[in-house]
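Examination of the molecular architecture
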Amino acid sequence: MKTIYLDNNATTQVDPAVFEAIKPYFTELYGNPSSMHRFGGQVGVTIKEARSSVAKLLNCDSDEIIFTSCGSESDNTAIRSALNSRPDKRHIITTAVEHPAVLSFCKFLEKKENYEVTYLGTDERGRLDLDEYRKAISPDTAIVSVMWANNETGNIHPIEEMAQIARDNGVIFHTDAVQAVGKVSIDLKSSAVDMLSLSGHKLHAPKGVGALYVRKGLMFRPLLIGGHQERSRRAGTENTTGIIALGKACELAAKNMETENTVVSRLRDKLEAGLLAAIPDSKVNGDPENRLPNTTNISFGYVEGEAILLMMDQLGIAASSGSACTSGSLEPSHVLKAMSVPFTFAHGSIRFSLSRFNTEEEIDFVIENLPPIIENLRKMSPFSAEKEGLACTGPGSMQ
Ligand SMILES: *Cc1c(COP(=O)(O)O)cnc(C)c1O
């Protein structure tokens, strides 16, 4: 059975061109880029090119890019660096809708290290309130960390404006741009963003590589201390294949982003419109005016998201649900909770996230096959808010 992969915000297929580009670095070109000999040195040259490709996509300088192992490491590094470089400041501003890589870390800092954290809320469309943000900034604020685009709804936040507000107040601004890079045009030279995280596997490079942009002149404190790799900003022998892959993926994104976005958003819109028209009591979560081109998060009222996922899985359709199983009960996602999506709708939410590898036929297949699934599920088990101990397959949350 062929998989219809509509879960690209969780991870993406490695682009075949990316795979081709890294193959030799697994076989013949396995040298250590830090070695003195030419055998290692030539790998160092390719890493330099990769760094320049990443920088070009973001419009920043090569030496502002630090390679890491993943988006989570970049996020943790950025926040920890800001806190360590301003030890007198004890306040952090973030949002209630961040990815766990930021949110769980902030909760940890709050509980275990006595930092004060402000979690900015959203309206029912997931939009942030800039007045609430301005009021939250205080002389004690060390860092603001706000995601560029939300992984569950695809919502794009006004990052440039928020970064400028932080700068006007002398506060470091970090953005988790893992979902934005490759889908949204980013120009760091003309922005006030101080640090930005990205992750390879969300833009058609393999898992296990990420990058952190750190603005030139910003005080930086490394998380990993050891060898002099990454100009002593991130110790550890370079993940050469991952880095070269990320460079290639960024090169492809820079070249194709605009045309791809048009194609992908057309397919996304078709899927969304098709499902909304065919399925009563369904609605989109998020801000349709300000959204990634590849994402739609749809609530199908009065039916369990996990049940929908299982039924779709039978047909080879892969997507994500907006609820996570915690301690035997289904918890609606923290993002939908922050948006005050009603319980019976939050539970039946499905995130479809497309990529350039999806086809019109796949979208037609979903539009044809999902409505009867929902109809049957609604018939079989009329949703009841009191229902306890819903079938649960194990812990999980949206990536
Ligand atoms: C996937 C994701 C991350 C984590 O990236 P990893 O490379 O998997 O650690 C962080 N933030 C957002 C918004 C993501 O979607």
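Bear in mind the structure is a predicted one, so any value in this text is a computation, not a measurement. (Residues numbered from 1 in each chain as written. Predicted model: local features only at pLDDT ≥ 70, side-chain atom pairs only at ≥ 80, totals over all residues. Heavy atoms only, no water.)

Describing the sheet that holds strand 10 (residues 295-300)
Two strands in a sheet stick together by hydrogen bonds in their backbones, pointing the same way (parallel) or opposite ways (antiparallel). To keep things clear, this is the line we draw: By the convention used here, strands pair only if DSSP detects at least 2 bridges between them. Under the scheme used here, helices are H or I runs from DSSP no shorter than 4 residues and strands are E runs no shorter than 2 residues, and both carry numbers assigned from the N terminus. Contacts: residue pairs with any heavy atoms within 4.5 Å of one another. Angular values range over 0 to 180 degrees, each being the angle between N-to-C directions of two axes fitted as lines to C-alpha atoms, with helices fitted over their stretch in contact.
Within the open sheet, the four strands sit side by side as 9-10-15-12. Their pairing is antiparallel. The open sheet has two edge strands, strand 9 (282-285) and strand 12 (320-321), and neither has a second partner. As judged from the five bridges shared by strand 10 and strand 15 (residues 349-353), these two strands associate in the antiparallel manner. Residue pairing for strand 15: asparagine 297 is matched across the bridge by arginine 351. Sheet contacts for helix 9 (residues 305-314): strand 10, strand 12 and strand 15; angle to strand 15, the most-contacted strand, approximately 45°.

Thoughts on the confidence of the model for the protein
Spelled out, the test is: The predictor reports its confidence for every residue as pLDDT, a score running from 0 up to 100.
Taken over all residues, the pLDDT of the protein has a mean of 94, while the share at 70 or more is 93%. Within the model, pLDDT remains below 50 along residues 384-396, and this stretch shows 15 contacts once partners closer than five positions in the same chain are excluded.

A short note on the site of the ligand
Formally: Throughout this document, a residue counts as near a molecule or strand when at least one of its heavy atoms sits within 4 Å of that molecule or strand. Think of a polar contact as two N or O atoms within 3.5 Å of one another; within protein, one of them needs to be a possible hydrogen donor and the other a possible acceptor, and neighboring residues in sequence only count if both atoms come from side chains. With residues, only the protein chains shown are counted as cover, and all accessible areas are computed by Shrake-Rupley using a 1.4 Å probe. Residue polarity follows a fixed list, in which Ala, Val, Leu, Ile, Met, Phe, Trp, Tyr, Cys and Pro are nonpolar, Asp, Glu, Lys and Arg are charged, and the others, Gly among them, are polar.
Neighbouring the ligand are 13 residues, the closest being Ser72, Asp176, Gln179, Ser199 and Lys202. In the model, an oxygen atom of the ligand is placed 2.6 Å from a nitrogen or oxygen of the serine 199 side chain. In the complex, 93% of the free accessible area of the ligand, which totals 380 Å², lies under the protein chains. Of the residues in the shell around the ligand, the class split is three nonpolar, seven polar and three charged.

Looking at helix 9
As a reminder of what qualifies: Type-normalised accessible area, obtained with a 1.4 Å probe on protein chains alone, sets the label of each residue: buried when under 20%, exposed when over 50%, and partly exposed for intermediate values. It is the directions from the helix axis to the C-beta atoms that the arc portrays.
Taken together, the buried positions of helix 9 are Gly305, Glu306, Ile308, Leu309 and Met312. Buried positions in helix 9, seen along its axis, are confined to an arc of 155° and lie on one side of it. One or two residues past the end of helix 9 sits glycine 316, with phi positive at roughly 85°.

Brief notes about the nonpolar core
Where we set the bar: What we call a nonpolar core is a set of buried Ala, Val, Leu, Ile, Met, Phe, Trp, Tyr and Cys residues that are connected through their side-chain atoms within 4.5 Å.
By size, the foremost hydrophobic cluster in this structure holds 56 residues, and its most contacted members are Leu58, Tyr133, Phe173 and Leu196. Counting residues per element, the ones that place at least two in this core are helix 1 (16-26), helix 2 (38-58), strand 2 (65-68), helix 5 (130-136), helix 6 (159-168), strand 7 (195-199), strand 8 (210-214) and helix 8 (240-278). No other element matches the eight residues that helix 8 contributes to this core. Contacts of leucine 58, omitting those with residues within four sequence positions, involve Ile65, Val181, Ile186, Asp187, Leu188, Leu196 and Leu198. Ranked by size, the runner-up nonpolar core spans 26 residues in total, among them Ile4, Val264, Val284 and Ile350.

So, helix 8
As a reminder, the rule being used: By definition here, a helix of n residues has an expected span of 1.5 Å times n minus one. Working definition for bend: take the seven residues up to and ending at a residue and the seven starting at it, fit an axis to each, and measure the angle between the axes.
Its 39 residues place the ends of helix 8 only 48 Å apart at the C-alpha level, less than the 57 Å of an ideal helix rising 1.5 Å per residue. Along helix 8, the helix axis deviates most sharply at asparagine 256, where the bend reaches about 65°.

Re the sheet that holds strand 4 (residues 116-120)
Strand order in the open sheet made by the seven strands is 2-8-7-6-5-3-4, with mixed pairing throughout. Of all the strands in the sheet, the pair left with one neighbour each is strand 2 and strand 4. Strand-to-strand twist of the sheet, defined as the mean angle between neighbouring strand axes without regard to direction, takes the value 20°. Note that strand 2 and strand 8 share four bridges and pair antiparallel. Counterpart to isoleucine 65 in the pairing with strand 8 is tyrosine 213. Running at roughly 115° to strand 2, helix 2 makes contact with strand 2 and strand 7 of the sheet. Of the strands in this sheet, strand 3 (91-95), strand 4, strand 5 (141-145) and strand 6 (172-176) are in contact with helix 4 (residues 100-113), which crosses strand 4 at around 145°.

Side note on the packing of aromatic side chains
For clarity, the threshold we go by: Each Phe, Tyr or Trp ring, with Trp reduced to its six-membered ring, pairs with another whose centre is within 6.5 Å; inter-plane angles below 30 degrees give stacked pairs, above 60 give edge-to-face pairs, and intermediate values give tilted ones. Whether a charge sits over a ring depends on NZ of Lys or CZ of Arg being within 6 Å of the ring centre and within 35 degrees of the ring normal.
One pass over the structure, following the stated rule, counts three aromatic pairs. Taking 4.9 Å as the distance between ring centres and 70° as the angle between the ring planes, the aromatic pair formed by tyrosine 30 and phenylalanine 39 counts as edge-to-face. For tyrosine 30, a relative accessible area of 58% puts it in the exposed group. The class for phenylalanine 39 is partly exposed, based on a relative accessible area of 30%. Over the ring of tyrosine 115 we find arginine 90; its NZ or CZ atom is 3.9 Å from the centre of that ring.

Quick word on the domain arrangement of the protein
Defined as follows: Where each domain starts and ends comes from a domain assignment, either automatic or drawn from a database. Buried area adds together the accessible area that both of two parts lose upon being put together, with accessible area traced by a 1.4 Å probe. Any carboxyl oxygen of Asp or Glu that lies within 4 Å of a side-chain nitrogen of Lys or Arg is treated as forming a salt bridge with it.
Taken domain by domain, the protein comprises domain 1 (4-9 + 257-388) and domain 2 (16-254). The C-alpha-based centres of domain 1 and domain 2 are spaced at 28 Å. Summing both sides of the interface, domain 1 and domain 2 together bury roughly 2,400 Å²; the carbon and sulfur share of this comes to 54%. The interface formed by domain 1 and domain 2 includes two salt bridges.

Here's the deal with the packing of helix 1 against helix 8
The cut-off we apply is this: With respect to orientation, any angle under 35 degrees is reported as roughly parallel, any angle over 145 as roughly antiparallel, any angle of 65 to 115 as roughly perpendicular, and every other angle as oblique. Two helices that cross are described as forming a left-handed crossing if the nearer one is turned anticlockwise from the farther one by less than a right angle, and a right-handed crossing if clockwise.
Remark: helix 1 packs on helix 8, axes separated minimally by 9 Å, with the N-to-C direction vectors making an angle of 155°. When the axes of helix 1 and helix 8 are compared, the pair comes out roughly antiparallel. Both helix 1 and helix 8 take part in a crossing whose hand is right-handed. Here Ala17, Val18, Ala21, Ile22, Tyr25 and Phe26 of helix 1 come into contact with helix 8, specifically with Thr241, Ile244, Ala245, Lys248, Ala249 and Leu252.

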